[in-house]
Amino acid sequence: MAATVIDGKQVAQQIRDALKKEVAQLQQKYGITPGLAAVLVGENPASKVYVNMKAKACEETGIYSQKIHLPADTPQEKLIELIHNLNADTRIHGILVQLPLPDHLDQHKVLQEVSPNKDVDGFHPINLGKLLSAKFWEELPLFVPCTPAGCIKLIESTGTQIEGKHAVVVGRSVIVGKPVAMLLLAKQATVTIAHSRTKNLKEVCRQADILVVAAGRPKLVTADMIKPGAVVIDVGVNRVGEKQLVGDVDFEAAKEVAGFITPVPGGVGPMTIAMLLKNTVESAKRTVGA
Ligand code: GUN
């Protein structure tokens, strides 16, 4: 039987609708408007698209947004100075520095300068460290990275219980692979992290009740690597040719084997933005004790 396709757009829209109401209530009750600053350095075309989408989503939700576009050759001290100003700006509750940064900038050093209290991407070492030390879901840090958090929401939207399941994550990036593995652990799954050097990737993937693929390789996961009935979350966004986007999973074949599967586009992508808005609203709420 063909898999149920998980509609990420719909799940994301439900979250955004709820946030819109929450933002209106915050304004009414506390006179506060959540604010997000999105910092883009350079001309990476995909990053430009993402930052514009994030700003537009803020607008639709009633969140104040500032888009700050710096030239590709911006010195690191200038970028850090800007971040410090945003840390001190009371209109801003969330700061995101769009990645990747140009090569001359040290990503680690830059991300450390974002106040952990405004780190809506969850990339500050304090927030990432707390993610590692959290044993259970209730102990999570102030902010959890958006794409991993979105993956968990999508898995839960299927009604699948995560506790006790074998989850396999393909990919070990700081943005997706590692944090999503930690979140699955916090939900009490048994977690395997596979990556480009994993031997017998097919056998490892076939053990997964829940398979999260964030490897950045088009159609890496084929139908024969999927356990029948598994929940398959495809984080990959790979551009092939001029216009077409494909995931890391061979969707057409995989959907004949999986129980649930996310499409690309329209699966994980919309959730990343919804979780960013959610983190921004949570951050604003914290400042007024709501
Ligand atoms: N680049 C790819 N994914 C992300 C993300 O979630 N946040 C930021 N800031 N940059 C990214």
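To be clear, the structure that these remarks concern was listed above.
The numbers attached to residues start from 1 for each chain and follow its sequence in the written order. Thresholds applied to this predicted model are a pLDDT of at least 70 for local features of residues and 80 or more for the giving and counting of side-chain atom pairs; totals over whole chains, interfaces and linings are not thresholded and use all residues. Hydrogens and water are ignored here; the side-chain numbers use all heavy atoms of the structure.

Break down the site of the ligand for me, citing the residues and quoting the values.
Taken together, Lys 54, Leu 96, Val 97, Gln 98, Leu 99, Asp 121, Phe 123 and Ile 175 make up the full set of residues adjacent to the ligand. Whenever two N or O atoms come within 3.5 Å, that pair is a polar contact, provided that in protein one can donate a hydrogen and the other can accept it, and provided that, for residues adjacent in sequence, both atoms are side-chain atoms. Taking Gln 98, its side chain carries an N or O atom lying 3.3 Å from a nitrogen atom of the ligand. In this structure, Asp 121 approaches the ligand through a side-chain N or O atom, which is 2.6 Å from a nitrogen atom. Here the shell around the ligand is composed, by residue class, of five nonpolar, one polar and two charged. Near, as used in this document, describes a residue that has one of its heavy atoms within 4 Å of the molecule or strand being considered. Asp, Glu, Lys and Arg are counted as charged, while Ala, Val, Leu, Ile, Met, Phe, Trp, Tyr, Cys and Pro are counted as nonpolar; the rest, among them Gly, fall into the polar class.

I'd love a proper account of the pattern of salt bridges, names of residues and values included.
Should a side-chain nitrogen of Lys or Arg be within 4 Å of a carboxyl oxygen of Asp or Glu, the pair is scored as a salt bridge. Throughout the structure, instances matching the rule amount to twelve salt bridges. In this structure, Glu 156 engages Lys 187 in a salt bridge whose closest nitrogen and oxygen atoms are separated by 2.8 Å. Within this pair, whereas Glu 156 is found in helix H6 (residues 146–157), its partner Lys 187 is found in the loop between helix H7 (177–186) and strand E6 (190–194), the two being separated by 31 residues in sequence. For the salt bridge of Lys 285 with Glu 282, the shortest nitrogen-to-oxygen distance reads 3.7 Å. With Lys 285 and Glu 282 both in helix H10 (residues 268–288) and three residues apart, the pair spans about one turn of that helix. Helix and strand definitions here come from DSSP, where helices need a minimum of 4 consecutive H or I residues and strands a minimum of 2 consecutive E residues; each element is numbered from the N-terminal end.

Let's hear about the pairing of strand E2 (residues 35–41): which residues, and what values?
Only protein chains enter the accessibility calculation, which uses a 1.4 Å probe. A residue is then buried if its area is under 20% of the maximum for its type, exposed if over 50%, and partly exposed in between. In terms of burial, E2 is a largely internal element, seven of the seven residues being buried. The alternating pattern of E2 places Gly 35, Ala 37, Val 39 and Val 41 and Leu 36, Ala 38 and Leu 40 on opposite faces, both of which are buried. Two strands pair if DSSP finds at least two bridges between them. By the bridge criterion, seven bridges tie E2 to strand E3 (residues 64–70) in an arrangement that is parallel. In the strand pairing of E3, Val 39 is matched with Ile 68.

Could you give an account of the packing of H6 against H10, with specific residues and numbers?
Whenever a helix is involved, its axis is fitted only over the stretch in contact; in every case the axis is a line through C-alpha atoms, and angles between N-to-C directions fall within 0 to 180 degrees. Packing of H6 against H10 leaves a shortest axis separation of 8 Å and a crossing angle of 110°. When the interaxial angle is binned, H6 and H10 end up roughly perpendicular. Between H6 and H10 the crossing geometry is right-handed. Where H6 abuts H10, its residues Cys 146, Thr 147, Ala 149, Gly 150, Cys 151, Lys 153 and Leu 154 lie against Val 268, Met 271, Thr 272, Met 275, Leu 276, Lys 278 and Asn 279. Counted by class, the contact of H6 with H10 contains eight nonpolar, four polar and two charged residues. An angle below 35 degrees is treated as roughly parallel, one above 145 as roughly antiparallel, one from 65 to 115 as roughly perpendicular, and anything else as oblique. Crossings are assigned a handedness: left-handed for a near helix turned anticlockwise from the far helix by less than a right angle, right-handed for a clockwise turn. The contact criterion used is simple: two residues touch if any of their non-hydrogen atoms lie within 4.5 Å.

Account for the state of the cysteines, naming residues and giving values.
Defined by distance alone, a disulfide is two cysteine sulfur atoms within 2.5 Å. What the rule picks out here adds up to zero disulfides. In this structure Cys 151 is a free cysteine whose sulfur lies 11 Å from that of Cys 146, the closest cysteine sulfur available. This cysteine, Cys 205, is not joined by any disulfide, and Cys 151 carries the nearest cysteine sulfur, 15 Å off.

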